[in-house]
Amino acid sequence: MLAAISLSFLCLCFTIYTIFFVRRSLNPLYKLPGPPVRGFFGSHLKHVTGAQSGYKVYEFLEKRYGRSVRIRGAFPWEERLLTMDPVSMAHILKNADLYQKPALSRRLITSLIGCGMLAAEGHVYQRQRRKGIQLKEKWLEIMKGASLNEGAMTLDIGSWISRATFDVMGLAGFDYDFNAIEDESNPLFRAYVEMFQKCAAQHGLWETVAAYSPLFRWLFPDRVAQRCRSTIHRIAGRLIQEKKQKLAHDEKNEHLQSGNDLLTLMLKSNSDPALPPEAKMSDGDLLDNINTLMFAGSDTSSLSVIWTLVLLARNTSIQDQLRNELLSILPANHGLSDLEGESLQKVVSSLPLLNNVLRESLRLISPVHSSLRVATRTDEVPTMYPVRPRDKRQPETQSFTVPKGTFIHICVEAFNLDKTVWGEDAWEFNPDRWDCLPDRVSRQPGVFSHLLTFSAGPRACTGMRVSLTEMKLLLFILLTNFTFKTHPEYQILKVNKVLTRPHLAGKEADGMQCPLLVSRFQQIQ
């Protein structure tokens, strides 16, 4: 018995020695500098993913260690790469097959920054406009029955805007109106909302262990997630079958117009005789695409609009300038309803201050704070800036080695808020910067305005233009009908819960809240 215990102890010591000493000496990532770790189970993740102060952490790391840094992940043996070098980041995001989303990210939530197959782009504008006007009418209705303070009411804009964008994505996804603006009791809507809330809570030790261990998830299944998935599969699955039947009926009767929502377009593509059998999507694949659209399309778009309104509420002079620009393009004595189809798209795409405000908002507060990639094989990564070696006796280099299995921290905020690129006011809201950008901005990776907000490379958000149009239309409708101010009793903070969400200071445990003072805008004739 004693011999067995001694042997087990020796095996444990050998394992620890192999993991923490031999493995380190062989891992080329240990040649990179990095901050010290406090304690055996210490980690840097809390610091680099903190939405309130993450940008300050990135600045400190860059000044102390350079732009290619080694950080500690969730466990003592997990060393990660954090790069703030634009050439390195472009290399990583461009080579999507080499640097993929790790399995743990896919387990937490499917495609955090993907926007699905938005081939229905040209047909979404009408739905966006209709839902924006419906939201406006709902707010006016609430104001009539509310006690106003100097004409303003306190409104949690986060909840309402999320419901509006969810309605738009439901119509764009499978031509289904959740009608969440009017009624939150729809069981499919409630299931999606609970799933989103569950994803936003994936930050505890329990969730971390579950993400790394399939066995743990099998032993301790998430009952809430299972119930929500069951509801989604049951109701959305029925919608898929109904859509299939409608398409078959229309084809039989030679009706060519059967809808332009994402589900219809995928089903039409699936029925193409020229499509190989192995390329056809199952009902499960169809549902996965819809779910990706619902999360990526509704949650990220709504948060972008919410944060833009918060920034405008904090900067009322810019809000007034933007409102004047929006009002200037409305037909005399008429409203937005007179602008239809392509003319609506052209109008919202041609307004310079609206474009600048939205770009600046997406730069300053990106809905996706950060993401992860994993190296599927060992790779030599080029750099723009010299790499400072951990051993200061060694010379600086212009590349570094990333071993297979290394996690790479995609620090969106580090690039979007880099003072050496955007200027000393990079942490401030200044839409005018977009009229005269520094030359260094052009070297930044990013599919949209040299920002990482919509990512970069082959896996960049394919629904970017639809998302931008949705944001512009909502801002157009809301700002031409309402004014927004900050509430003196509430401090709104950024909290990173899968996405960057607004929370109240001291009430972070209560979840997303974004109360602003909202007044009806009265144009002086």
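Residues numbered from 1 in each chain as written. Predicted model: local features only at pLDDT ≥ 70, side-chain atom pairs only at ≥ 80, totals over all residues. Heavy atoms only, no water.

Could you clarify how one ought to interpret the overall build of the protein chain in this entry?
The number of helices and strands found in the protein chain is 19 helices and 12 strands. Burial statistics for the protein chain: of 525 residues in total, 52% are counted as buried. Relative to all contacts within the protein chain whose residues are 6 or more apart in sequence, the contacts with residues 24 or more apart total 73%. A total of about 25300 Å² of accessible surface is found on the protein chain, and carbon and sulfur atoms cover 54% of it. (Helix = DSSP H or I, 4+ residues; strand = E, 2+ residues; numbered from the N terminus. Buried < 20%, exposed > 50% of the residue type's maximum accessible area, 1.4 Å probe, protein only. Contact = heavy atoms within 4.5 Å. Areas by Shrake-Rupley, 256 points an atom, 1.4 Å probe, with all protein chains shown as cover.)

What's the story with the sheet that holds strand 4 (residues 152–156) in this structure? I'm lost.
Hydrogen bonds between backbone groups are what pair the strands of a sheet, and the pairing can be parallel or antiparallel. Judged by pairing direction, the sheet is antiparallel, and its three strands sit side by side in the order 4-12-9 without closing on themselves. The sheet is open, and its two edges are formed by strand 4 and strand 9 (482–486), each paired on a single side. Each strand of the sheet is rotated relative to its neighbour by a mean of 40 degrees, with strand direction disregarded. Relative to strand 12 (residues 515–520), strand 9 runs antiparallel, the two being bridged by five bridges. Note that in strand 12 the partner of K485 across the bridge is L517. (Pairing = 2+ DSSP bridges. Axes fitted to C-alpha atoms, helices over the stretch in contact; angles between N-to-C directions.)

For this particular structure, what's the right way to read the nonpolar core?
Grouped burial of nonpolar side chains is what soluble globular proteins tend to show. Among the nonpolar cores identified, the biggest contains 66 residues, and L135, W139, I157, I161, L309 and F484 are the most heavily contacted of them. Residues contacting L135, with those up to four places away along its chain left out, are W160, I161, A164, I181, L474 and L478. (Core = buried A, V, L, I, M, F, W, Y, C linked by side-chain atoms within 4.5 Å.)

Looking at this structure, how should I read the packing of aromatic side chains?
To describe a pair of aromatic rings, one takes the distance between the centres and the angle between the planes. Under the defined criterion, the tally for this structure stands at 11 aromatic pairs. In this arrangement the basic side chain of R163 is found over the ring face of W160, its NZ or CZ atom lying 4.0 Å from the centre. A cation sits over an aromatic face here: R323 above F521, 5.1 Å from the ring centre. (Phe/Tyr/Trp six-rings, centres within 6.5 Å; stacked < 30°, edge-to-face > 60°. Lys NZ or Arg CZ within 6 Å of the ring centre and 35° of its normal.)

How should unusual backbone geometry be read in this particular structure?
Peptide bonds are, in most cases, trans, and in most cases residues other than glycine have a negative phi. At S449, a residue that is not glycine, the phi angle is positive and equals roughly 50 degrees. Turning to its location among the elements, S449 is positioned in the loop between helix 18 (419–422) and helix 19 (464–479). Residues other than glycine seldom take positive phi values, yet H450 does so here, at roughly 60 degrees. The topology assignment puts H450 in the loop between helix 18 and helix 19.

Just to check I follow, could you spell out the pairing of strand 1 (residues 68–72) for this structure?
Regular strands show a simple pattern: their side chains alternate between the two faces of the sheet. The buried count for strand 1 comes to five of five residues, which makes it a mostly enclosed element. Of the two faces of strand 1, both are covered, the one formed by S68, R70 and R72 as well as the one formed by V69 and I71. Sheet analysis places strand 1 next to strand 2 (residues 79–83), joined by five bridges and oriented antiparallel. In the sheet register, S68 faces strand 2, and the bridge partner there is T83. Hairpin connection of strand 1 to strand 2: six residues between the antiparallel strands.

Explanation requested: the pairing of strand 5 (residues 371–375) in the structure shown.
Across the five residues of strand 5, five count as buried, placing the element largely inside the fold. Residues S371, R373 and A375 point to one face of strand 5 and L372 and V374 to the other, with burial holding for every one of them. The sheet contact formed by strand 3 (residues 99–100) and strand 5 spans two bridges and is antiparallel. By the bridge assignment, Q100 is partnered in strand 5 with V374.

Would you mind showing me how to read the confidence of the model for the protein chain here?
When pLDDT drops low, the exact placement of atoms in the prediction is not to be read closely. The predicted model of the protein chain averages 81 in pLDDT, with 80% of residues at 70 or higher. pLDDT under 50 marks residues 108–123. Its contacts with residues more than four places away, or in other chains, come to 41 contacts. (pLDDT = per-residue confidence, 0-100.)

Sorry if this is basic, but what is going on with the environment of V381 here?
Among the structural elements, V381 can be located in strand 6 (residues 379–387). The class for V381 is buried, based on a relative accessible area of 0%. Remark: the alpha-carbon pair of V381 and T401, spanning 20 residues in sequence, is separated by 6.2 Å. The contacts of V381, once residues within four sequence positions are left out, are S88, H91, Y99, Q398, S399, F400 and V402.

Would you explain the packing of helix 16 (residues 352–364) against helix 19 in this entry?
Axes are the key here: two packed helices are described by the angle between their axes and the distance separating the axes. Interaxial distance between helix 16 and helix 19 falls to 11 Å at its minimum, and their mutual angle equals 115 degrees. Relative to helix 19, helix 16 is oriented so that their crossing is right-handed. Contacts from L354, N355, L358 and L362 in helix 16 reach L468, M471, K472 and L475 in helix 19. Of the residues that constitute the contact of helix 16 with helix 19, the class distribution is six nonpolar, one polar and one charged. (Left-handed = near helix turned anticlockwise from the far one by under 90°. Nonpolar A, V, L, I, M, F, W, Y, C, P; charged D, E, K, R; others polar.)

Quick question: what am I supposed to make of helix 3 (residues 54–65) here?
Since the α-helix advances by 3.6 residues per turn, residues separated by three or four positions end up pointing in the same direction. Look at helix 3: 16 Å from first C-alpha to last across 12 residues, which is about the 16 Å you get at 1.5 Å a residue. Every buried residue of helix 3 is accounted for by G54, Y55, V57, Y58, L61, E62 and Y65. An end-on view of helix 3 places all buried positions within 155 degrees of arc, on one side of the element. Check the buried side of helix 3 and you find it contacts helix 2 (45–48), strand 1, strand 2, strand 8 (407–410), helix 17 (412–416) and strand 10 (492–497). (Expected span 1.5 Å × (residues − 1). Arc of directions from axis to C-beta.)

Sorry, what's going on with the sheet that holds strand 2 here?
The five strands are arranged 1-2-8-5-3 in an open sheet whose pairing can be described as mixed. The open sheet has two free edges, formed respectively by strand 1 and strand 3, since each of these has just one partner strand. Along the sheet face, helix 3 touches strand 1, strand 2 and strand 8 and points at about 120 degrees away from the line of strand 1. Sheet strands in contact with helix 4 (residues 86–94) are strand 2, strand 3, strand 5 and strand 8, and its direction is about 115 degrees off that of strand 8.

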